[in-house]
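Topology and contacts: notes
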Amino acid sequence: MLAKTISKKYATALFETAVADNKTLQVKDSLSLIKNRLTPDVMKIIKAPNVLNKEKKTVFEKLYGQEIIGEVKNFLNILLDKKRILFFDDIYRAYIGLY
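In this report, we go over the structure that sits alongside the text. Predicted model only: the values in this text are computed from it and were never measured. (Residues numbered from 1 in each chain as written. Predicted model: local features only at pLDDT ≥ 70, side-chain atom pairs only at ≥ 80, totals over all residues. Heavy atoms only, no water.)

A closer look at the pattern of salt bridges
What the rule picks out here adds up to seven salt bridges. With a shortest N-O distance of 3.7 Å, Asp29 and Lys28 are connected by a salt bridge. Relative accessible area serves as the criterion here: at 40%, Asp29 is assigned to the partly exposed category. Here Asp90 and Arg93 are joined by a salt bridge, their closest N and O atoms 2.5 Å apart. Of this pair, Asp90 and Arg93 both sit in helix α6 (residues 88-98), separated by three residues, roughly a single helical turn. On the basis of relative accessible area, Asp90 is assigned to the partly exposed category, the value being 27%. What makes Arg93 partly exposed here is its relative accessible area of 48%. (Salt bridge = Lys/Arg side-chain N within 4 Å of Asp/Glu carboxyl O. Buried < 20%, exposed > 50% of the residue type's maximum accessible area, 1.4 Å probe, protein only. Helix = DSSP H or I, 4+ residues; strand = E, 2+ residues; numbered from the N terminus.)

Below, the structure is given as structure tokens:
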């Protein structure tokens, strides 16, 4: 239940920002790209408590680079900083539900 509440909160905030910036489709496309490339190996790195956030952000930058919009890069950084990145799948589904 907590995961669903957290995910909806983050997805709603991202969606409202995307609506205000008229970028709902670009955000959806960027989130979809991330979702499709989150392999078990990448998730292993993301879940590892001994891997610093800076290193995790570098992994994301290498994986997605210029393929995702800046707003989504910033959003990923927030998820990493707030230790919410493990909710990404649920956030993605909630965003798609709002879209």
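Describing helix α1 (residues 2-20)
The end-to-end C-alpha separation of α1 is 27 Å, in line with the 27 Å expected for 19 residues at 1.5 Å each. Among the residues of α1, Ile6, Ser7, Tyr10, Ala11, Leu14, Phe15 and Ala18 are the ones counted as buried. Take α1 and look down its axis: the buried residues cluster within an arc of 160°, on one side only. Along α1, the residues that are exposed and aim more than 90 degrees away from the buried face are Leu2, Lys9, Glu16 and Ala20. Contacts made by the buried residues of α1 are with α2 (24-37), α5 (70-81) and α6. Positive phi shows up at Asn22, right after α1, with a value of about 55°. (Expected span 1.5 Å × (residues − 1). Arc of directions from axis to C-beta. Contact = heavy atoms within 4.5 Å.)

Some thoughts on unusual backbone geometry
In the Ramachandran plot, Asn22 falls in the positive-phi region, its phi being about 55° despite a non-glycine side chain. Note that Asn22 resides in the loop between α1 and α2. Taking the relative accessible area as the measure of exposure, Asn22 reaches 66% and is therefore exposed. Positive phi outside glycine occurs at Lys83, with the angle close to 60°. For Lys83, the location among the structural elements is in the loop between α5 and α6.

What to know about the environment of Ile68
Note that Ile68 resides in the loop between α4 (53-64) and α5. Separated by 16 residues in the primary sequence, Ile68 and Arg84 place their C-alpha atoms 19 Å from one another. If we ignore the near neighbours within four places in the chain, the residues touching Ile68 are Ser30, Leu33, Ile34, Lys73 and Leu76.

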